Amino acid sequence: MSKFLSKRLQNLEAYVPGEQPKGEKFIKLNTNESPYSPPKQALDVLAQYGATLNYYNDPDCKKLTEIFAKYHGVDENKVVFANGSDEILVFCYMTFCDQNIGICYPDITYGFYDVYADLFCLDGEKVPLNDDLTIDITKFFNKNKTVVLANPNAPSGIALSLNEIEQIVQNNPKNVVIIDEAYVDFGGESASVLTDKYENLVVCGTFSKSRNLAGGRLGYAIAHKGLAEDLNRVKYSFNPYNVGTLAQILGIISIEQDEYFKECVGKIVDTREKFTNDLEKLGFYVIPSKTNFVFAKNDKIHGSKLYNLLREKKTLVRHFKNERICEFIRISIGTQEEMDTVIVQLAEILEENNA
Ligand SMILES: *Cc1c(COP(=O)(O)O)cnc(C)c1O
């Protein structure tokens, strides 16, 4: 750290992203990416559009917004795009929070909610989950501060119903509720249908997980039009060109190739169900997942040990040190072949450790 670092950032602990291995070959199940490629039409993009990269991209993402809004059945003026949904979350923090307002989120959830609270010097309140990692929705009623919830939640993989989300939104009339739907396509119910009815609801989502475009960097918000206008005010004050030409085109192609999207999501969901079953047969406790990952533990072997032993076998998964969940590992769903390999590796590990 230099002597010039702002005082307010001296205790900031940065988010630690999952490992992105260079060179060495791993089965990569640690950051909830899709194992499938973008649609093959996307692979020709550079040949078709690369030549226009000397010009700035469309800051309004007009064409992408049109096709996306139609797909979701919402008005175009309710949609905002960003460089990944992480950037949408940052815009939400910048737009709807300050020291007077504050923000709250579950104690076990997506790590960035807490990091952003620190980054923006907010008093982030961690609302405890139940012992089984479910959310008691009444603990999120009348918070009088911004609420941010991942639905389905991570890393538990547990989803709230649309009705439960609506109750949370209804019971926070004086503040904004942000519902982060990064994993909604794998089995959740989207709250975007409520964004006309409630002036305090922002739904955000990403093309990174279910749309096979983690490296393309494209995220969105669907919000009540007043809130979308506020988010655009901040976006245009920060970086109007946040979504590059290629990301916009990739997004359009992804929505056009709807059958391919549904096919990939269908495969992930089928693989998830089979993998869950196979883990249970090995004696794992697996939380039923509505996402593209599972959160699992085995009473005979600790999560950190499992993480290390899998890594030795060239499979990357995610382990979290927080003591409420340190016995678990989070395993992204790859291809069926990858998951079959992981089951073999886990069986070996259990045997080698007399577990
Ligand atoms: C992966 C993830 C994101 C971020 O997605 P990007 O669009 O890649 O920035 C946001 N929220 C949750 C809960 C996630 O798991």
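Residues numbered from 1 in each chain as written. Predicted model: local features only at pLDDT ≥ 70, side-chain atom pairs only at ≥ 80, totals over all residues. Heavy atoms only, no water.

Draft legend 1. Region of the structure containing the site of the ligand. Close to the ligand lie G84, S85, D86, Y110, D180, A182, Y183, T206, S208, K209 and R217. Side-chain polar atom of Y183 to an oxygen atom of the ligand: 2.6 Å apart, as the coordinates give it. Within the side chain of R217, an N or O atom sits 2.8 Å from an oxygen atom of the ligand. Protein burial of the ligand: of its 390 Å² of free accessible surface, 93% is covered by the chains. Across the shell around the ligand, the residue classes tally to three nonpolar, four polar and four charged. (Near = heavy atom within 4 Å. Polar contact = N/O pair within 3.5 Å; in protein donor to acceptor, adjacent residues only side chain to side chain. Areas by Shrake-Rupley, 256 points an atom, 1.4 Å probe, with all protein chains shown as cover. Nonpolar A, V, L, I, M, F, W, Y, C, P; charged D, E, K, R; others polar.)

Draft legend 2. Examining helix α2 (residues 62-72) more closely. Among the residues making up α2, those that are buried are L64, T65, F68 and A69. Viewed end-on, α2 has its buried residues packed into an arc of 120°, placing them on one side of the element. Exposed residues pointing more than 90 degrees away from the buried face of α2 are listed as K63 and K70. Residues of α2 that are buried in the fold lie against β2 (79-82), β8 (219-223) and α7 (245-256). (Buried < 20%, exposed > 50% of the residue type's maximum accessible area, 1.4 Å probe, protein only. Helix = DSSP H or I, 4+ residues; strand = E, 2+ residues; numbered from the N terminus. Arc of directions from axis to C-beta. Contact = heavy atoms within 4.5 Å.)

Draft legend 3. View of the nonpolar core. Core analysis: the biggest nonpolar cluster contains 32 residues, and F275, L279, F284 and I331 have the highest contact counts within it. Elements supplying a minimum of two residues to this core: α8 (258-281), β10 (293-297), α9 (303-312), β12 (329-332) and α10 (336-352). Excluding residues within four positions of it along the chain, I331 makes contact with L29, F275, F293, V294, V317 and M339. Within the second largest apolar cluster, 30 residues are counted, among which are V80, F96, Y105 and V115. (Core = buried A, V, L, I, M, F, W, Y, C linked by side-chain atoms within 4.5 Å.)

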